[in-house]
Amino acid sequence: MSSWKANHGSFLGIFAAVVFLAGCLVIFVGEMPGTVPSNDQSEANPGVPPPPSSPPDGSNSSRSNDLQEQDPAEAISIVIRGAHTDQGLARIAIYDSPETFNDPTKALYLLNTPLRGGRARVQLKPDRLPEKFAVAAYHDTDDDGSLSRNLLGIPTELYGFSNNARGLTGPPEFQQAAIDKPAPGGGLFVELQ
């Protein structure tokens, strides 16, 4: 009986070590960029815009040319902050309803902009925005047009939503991220996490 207890304790120790090493391997492999490629952008990247080469309306633009504003006093600014590097692009989607939220093919606007000092800024014409909208953004560090994820499906690139909204097991609901349109000259921040 005592030999069974001694062997049983050793078996449990070996089993725990194997589980620990397997977990370390999953984490290490999951940190490698582009480990979970997907052809379905809406499923693989809920709430984030596709790359500029595939705008949702099938045109050759990202539907942002007539949205951009040059005069900061008249514009509404969306500032994306929290990026750890300026490599890649900030990809931004603006949604106007719960029915379209988190579906990049139904986003009101898709914007792609470079980062400087870990921030990206877009200035928008107020008359082109709805009275209530939500913003989803992510830092596409590898510039592949998709939110990179590890083997467990957890994003490895930073992302965020307006209102600092976070979902427990996925993206937040539209109501959590929705904001009232700021006054001209105002704006909002989206924190990447």
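Residues numbered from 1 in each chain as written. Predicted model: local features only at pLDDT ≥ 70, side-chain atom pairs only at ≥ 80, totals over all residues. Heavy atoms only, no water.

1. With respect to unusual backbone geometry
- Backbone geometry places Asn 102, a non-glycine residue, at a positive phi of 70 degrees.
- Position of Asn 102 relative to the elements: it lies in the loop between strand S2 (89-95) and strand S3 (109-114).
- A relative accessible area of 14% places Asn 102 in the buried class.
- You will see that Asn 163, though not glycine, has its phi angle at about 70 degrees, which is positive. (Helix = DSSP H or I, 4+ residues; strand = E, 2+ residues; numbered from the N terminus. Buried < 20%, exposed > 50% of the residue type's maximum accessible area, 1.4 Å probe, protein only.)

2. Quick word on the packing of aromatic side chains
- All told, the structure shown has 4 aromatic pairs when counted by the stated rule.
- Against the face of Tyr 159 rests Arg 166, its NZ or CZ located 4.2 Å from the ring centre. (Phe/Tyr/Trp six-rings, centres within 6.5 Å; stacked < 30°, edge-to-face > 60°. Lys NZ or Arg CZ within 6 Å of the ring centre and 35° of its normal.)

3. Digging into the pattern of salt bridges
- As enumerated under the stated definition, the model contains 6 salt bridges in all.
- With a closest N to O distance of 4.0 Å, Lys 106 and Asp 103 form a salt bridge.
- Given a relative accessible area of 49%, Lys 106 falls into the partly exposed group.
- Overall, the relative accessible area of 18% leaves Asp 103 in the buried class. (Salt bridge = Lys/Arg side-chain N within 4 Å of Asp/Glu carboxyl O.)

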